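Understanding the architecture of this molecule
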Amino acid sequence: MATIQWFPGHMAKAKRQVQEQLKAVDAVIELRDARIPESSKNPLIDHIIGNKRRIIVLNKSDLADPAQTKLWMKGLKGQETDVLALDSKNPNAIKRFRKDLLAITQDEREKWLKKGMKHKLIRLMVVGIPNVGKSTFINQLTQKKIAQVGNKPGVTKGQQWIQIDKDFALLDTPGILWPKFEDEEVGKRLALTGAIKDTHYYSDDIALFALEFLLDYYPSALRERCHLTEEEACPPYPDLLMTLTEKLGMKDDYERASDWLIRELREGRIAPVTLDRFEDYLMVYEKEEI
Ligand code: GDP
């Protein structure tokens, strides 16, 4: 997908567009990256969605730490918010997701039945930051079965409703929102997971950040994948990057070694990892049952 340059004017326009489209939908599917459930959130999302029914999808859950995903799912759940974890590239996971979607919107259908409306499609739209998997999700869920379901106010010309099945219709174009890139730590997490284009950062900076993170949370996976001994796998991180570069047979090409490490982590070849640790956000999401 093309790089998107976010300027204040663009941000305001994107927000307005999504708010306009939201008027035409019954519920919004907010995609977040399961490895960074907080950092992949749009800073104004709660305000943009308001009290509309929301389903947060922790996408790319195949790449995230399952124990952390469980905690996030529980922590993010709210009165008008359901949370599901998903690997959008897996057809079986998509099948399960459809069933879950049906179950969590059952109350909506019952409400309509009581009002005497026999059958009504639940209209959904997808929102999320760039690269979180919106197109993949839409394509998998709809199997590209594009069908006109009728026009609604707020739906921009050229957009259409895709009927997923007898219960759901989805707006074919997702709402693209920006992440919180003003925060440096968040920026590094976005870069490491591939949400920000590679040209926006120095790979050795991100590799050093990755080494520190892996050593803190997944030290044995790091040692195993990179063939490092316990003595070698320790700070200072620039020395560790030098050792890794040599071990990879890349002499003093730290940039190449950095790119390798970033790619390995992004593609889940070191371990399924979660960069936003739920315990660091307990103050925000603390619930009695946790
Ligand atoms: P968009 O910019 O939000 O529309 O994101 P895309 O749908 O283009 O996906 C961005 C990248 O993430 C692509 O390389 C997808 O193959 C990949 N991707 C999307 N969903 C998943 C997922 O659930 N798991 C994994 N491993 N990769 C995914």
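Going by what an unreviewed UniProt entry lists, the chain is known as Ribosome biogenesis GTPase A and is assigned to Aerococcus christensenii. Reading the Subcellular location (unreviewed entry) entry of the UniProt record for the chain gives the comment "Cytoplasm". Under the heading Function (unreviewed entry), UniProt records this for the chain: "Required for a late step of 50S ribosomal subunit assembly. Has GTPase activity."

Let's talk about the confidence of the model for the chain
Should the pLDDT be low somewhere, the predicted coordinates at that spot are not to be read in detail. Taken residue by residue, the chain gives an average pLDDT of 90. The fraction at 70 or more is 91%. Confidence, expressed as mean pLDDT per element, reaches its minimum in the chain at helix H12 (residues 282–285) with 86 and its maximum at helix H9 (residues 219–226) with 98. Counting contacts from residues 146–154, a segment whose pLDDT is below 50, to residues more than four positions away or on other chains yields 19 contacts. Reported confidence for the predicted complex is 0.99 by ipTM and 0.92 by pTM.

Let's talk about the domain arrangement of the chain
Each domain of the chain was delimited in the assignment, giving domain 1 (8–172) and domain 2 (202–289). Look at where the C-alpha atoms of domain 1 and domain 2 centre, and you get two points 32 Å apart. Each side of the interface is counted separately: domain 1 has 19 residues, and domain 2 has 16 residues. Both sides of the domain 1 and domain 2 interface together cover about 1500 Å² of buried area, and 52% of this is carbon and sulfur.

Quick look at the nonpolar core
The tendency in soluble globular proteins is for nonpolar side chains to be buried as a group. Counting residues in each nonpolar core, the largest one holds 60 residues, and the members touching the most others are Ile29, Phe97, Leu124, Phe137, Leu214 and Leu261. Looking at this core element by element, the count peaks at eight residues for helix H8 (residues 203–217). Two domains each provide a minimum of three residues to this core, namely domain 1 (8–172) and domain 2 (202–289). For Leu214, the contacting residues outside a window of four places in its chain are Pro219, Leu222, Leu261, Leu265, Ile270 and Val273. Core analysis: the next-biggest nonpolar cluster, separate from the first, contains 19 residues, Met11, Leu22, Leu121 and Trp178 among them.

Thoughts on the state of the cysteines
A complete count under the given rule lists zero disulfides for this structure. Of the cysteine sulfurs around Cys234, a residue in no disulfide, the closest is that of Cys226, at 14 Å.

A closer look at the UniProt feature "binding site: GTP" (unreviewed entry) in the chain
In the numbering used here, UniProt assigns the feature "binding site: GTP" (unreviewed entry) to Asn59, Lys60, Ser61, Asp62, Asn131, Val132, Gly133, Lys134, Ser135, Thr136 and Gly175. Their sequence span is 117 residues, while the largest C-alpha to C-alpha distance among them is 23.6 Å; these annotated residues do not converge on one region. For the largest cavity, the lining residues among the annotations just cited are Lys60, Asn131 and Val132. Here Ser61 is to be found in the loop between strand S2 (53–59) and helix H3 (66–76). Discounting residues that sit within four places of it in the chain, Ser61 has contacts with Ala34, Ala85, Leu86 and Asp87. Of note, Ser135 is situated in helix H6 (residues 134–142). Classification of Ser135 as partly exposed rests on a relative accessible area of 46%.

About the cut-offs
- Residues numbered from 1 in each chain as written.
- Predicted model: local features only at pLDDT ≥ 70, side-chain atom pairs only at ≥ 80, totals over all residues.
- Heavy atoms only, no water.
- UniProt positions renumbered as here; feature names shortened; annotations may be inferred.
- pLDDT = per-residue confidence, 0-100.
- Helix = DSSP H or I, 4+ residues; strand = E, 2+ residues; numbered from the N terminus.
- Contact = heavy atoms within 4.5 Å.
- Domains from an automatic or database assignment.
- Buried area = accessible area lost by both parts, 1.4 Å probe.
- Core = buried A, V, L, I, M, F, W, Y, C linked by side-chain atoms within 4.5 Å.
- Buried < 20%, exposed > 50% of the residue type's maximum accessible area, 1.4 Å probe, protein only.
- Disulfide = S-S within 2.5 Å.
- 1 Å grid on protein atoms, 1.4 Å probe; cavity = no way out; pocket = protein on both sides within 12 Å on 5 of 7 lines; lining within 4 Å.

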